[in-house]
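Examination of the molecular architecture
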Amino acid sequence: MNRNKREKEYYSIDVGDSTFMVLKRYQNLRPIGSGAQGIVCSAYDHNLERNVAIKKLSRPFQNQTHAKRAYRELVLMKCVNHKNIIGLLNVFTPQKTLEEFQDVYLVMELMDANLCQVIQMELDHERLSYLLYQMLCGIKHLHAAGIIHRDLKPSNIVVKSDCTLKILDFGLARTAATGLLMTPYVVTRYYRAPEVILGMGYQANVDIWAVGCIMAEMVRHKILFPGRDYIDQWNKVIEQLGTPSQEFLMKLNQSVRTYVENRPRYAGYSFEKLFPDVLFPADSEHNKLKASQARDLLSKMLVIDASKRISVDEALQHPYINVWYDPTEVEAPPPVITDKQLDEREHTVEEWKELIYKEVLDWEERTKNGVIRGQPASIAGHSLLLLSEQPQFNSTQFQKYSNQLVWHQQSCQSHFFSVLMFNVKPQTSAIHLSSLSFVL
Ligand code: AMP
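Along each chain, residues carry numbers from 1 onward, in the same order as the chain's sequence is written. Local features in a predicted model are, by the rule used here, given only for residues with pLDDT of at least 70; side-chain atom pairs are given and counted only at 80 or more, and totals for whole chains, interfaces and linings are based on all residues. Computation of side-chain values: all heavy atoms of the structure, hydrogens and water removed.

Some thoughts on the overall build of the protein
What counts as a helix is a DSSP run of H or I of at least four residues, what counts as a strand is a run of E of at least two, and both are numbered from the N terminus. Along its length, the protein carries 15 helices and 13 strands. Accessible area is worked out with a 1.4 Å probe on protein chains only. A residue is then buried under 20% of its type maximum, exposed over 50%, and partly exposed in between. Counting over 440 residues, the protein shows a buried share of 51%. The long-range fraction of contacts in the protein, counting pairs at least 24 apart against all pairs at least 6 apart in sequence, stands at 65%. Note on areas: Shrake-Rupley with a 1.4 Å probe; residue coverage comes only from the protein chains shown. By element, 52% of the accessible surface of the protein is carried by carbon and sulfur atoms, the whole surface being about 21,000 Å². The criterion used for residue contact is that any of the two residues' heavy atoms lie within 4.5 Å.

See the structure below:
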């Protein structure tokens, strides 16, 4: 696109301390939150005729930590498609060349509040269990793609007033360092599991610990294990749950074990004491039953030793949760992650800059005219996935191309786009397919 045309597409607006330079289709920007990466605004999208959230990543390549996180988030958001994980609607940068490249804007579905705000509210069992069910569905979907989050927290989970829930981020990269002996910096760690705090190996149910902490906080309206640092936090864990068994201590590395063994010993409290009836709505027989089920679930999630903690699948089958069980939500096909070395990547700032820039351009290219383009030259016999910005797109609109494509299925349809699958006929070449962009 020529420079002038591109410049005319954008405008600049001050939001809080930051300046957003966004496409003109996005109007009425208002700040709604901020995180480690920058400010998030709500806006009205005139093309999709709906409200959206726009997150500005300012110079995401400025250092290794920011760059790795931004790149990982961008790649994963592009691949994952599940109702309990935030969906990406658009990605853009107002800068025109790699040399000028500064900021990335992620446009997402807009939700009403994050979970920190919900924690203040008195929730009935129906809402509480539904929120937990959706968290578990989102987590299970990430696990199915090989993404173990390890850093779930209320600020990274967003909800709507109709009680729908989405996870906002993808947590810590496999290679991210954590651990008791690391220099503390300002991040929320209250929800991190013992195996993360103590620098042990971990498995998928590391994320169940966070769900347990979040559930406990929704019941108590107070953080379960607040700690100034990991050491203080570990104290809070053992004061309430008790010093873990010798069997658990044997799994720790020598220096951490010495530290843990030298803490005062605590017997801990029963779950009836930790979460007494008064914390739950228990005014009817039904609610009393639900309260005891909720407490039972907490007691199975808040287990220090991961080998004895409930799994995500078991939690989804728990009587407090399984009332919501819907196979299309729980067992949705796993996303395919395109970048296989995502977590292992190490780059210089300049290399990160280029990689992130390429990801942005790739999005722009793929969504140009509503079509995912750039298929390899020999695509005959393969399936082709097309993204249309028209919500009610259907196979009849493709009749014209029936000599090249065989309709396969409508894999997803929402208020704002359709995803369609085709099988490509043997003699078809990429050149023919490029013309498809005009029909969408
Ligand atoms: P983040 O930078 O992703 O950690 O987001 C910071 C905060 O912005 C979150 O805690 C939410 O309060 C808010 N936020 C981010 N994305 C959205 C969204 N899609 N819808 C509503 N609020 C959001």
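Some words on the nonpolar core
As used in this record, nonpolar core signifies buried Ala, Val, Leu, Ile, Met, Phe, Trp, Tyr and Cys residues forming a set joined through side-chain atoms within 4.5 Å. Among the nonpolar cores identified, the biggest contains 103 residues, and Phe275 and Leu302 are the most heavily contacted of them. Setting aside its immediate chain neighbours within four residues, Phe275 contacts Ala216, Val219, Arg220, Leu224, Phe280, Arg295, Leu298 and Leu302. In this structure, Tyr11, Val22, Leu23 and Tyr26 belong to the second largest nonpolar core, which totals 17 residues.

Some words on the pattern of salt bridges
Salt bridges are counted wherever a side-chain nitrogen of Lys or Arg sits within 4 Å of a carboxyl oxygen of Asp or Glu. Inspection of the entire model under this criterion finds 22 salt bridges. Of the charged contacts in the structure, one is a salt bridge between Lys358 and Glu354, with a shortest N-O distance of 3.6 Å. In this pair, Lys358 and Glu354 are both assigned in helix H14 (residues 349-367), four residues apart and thus about one turn of the helix distant. Overall, Glu354 belongs to the partly exposed group, its relative accessible area being 36%. Within the structure, one salt-bridge network assembled from shared partners comprises Glu247, Lys251, Asp305 and Lys308.

Considerations on helix H11 (residues 285-301)
Between its terminal C-alpha atoms H11 stretches 25 Å, which fits the 24 Å expected from 17 residues at 1.5 Å a residue. Within H11, burial applies to Asn287, Lys290, Ala291, Gln293, Ala294, Arg295, Leu297, Leu298 and Met301. Looking at the buried residues of H11, the elements they touch are helix H4 (125-144), helix H6 (206-220) and helix H10 (271-274). To estimate the expected span of a helix, count its residues, drop one, and scale the result by 1.5 Å.

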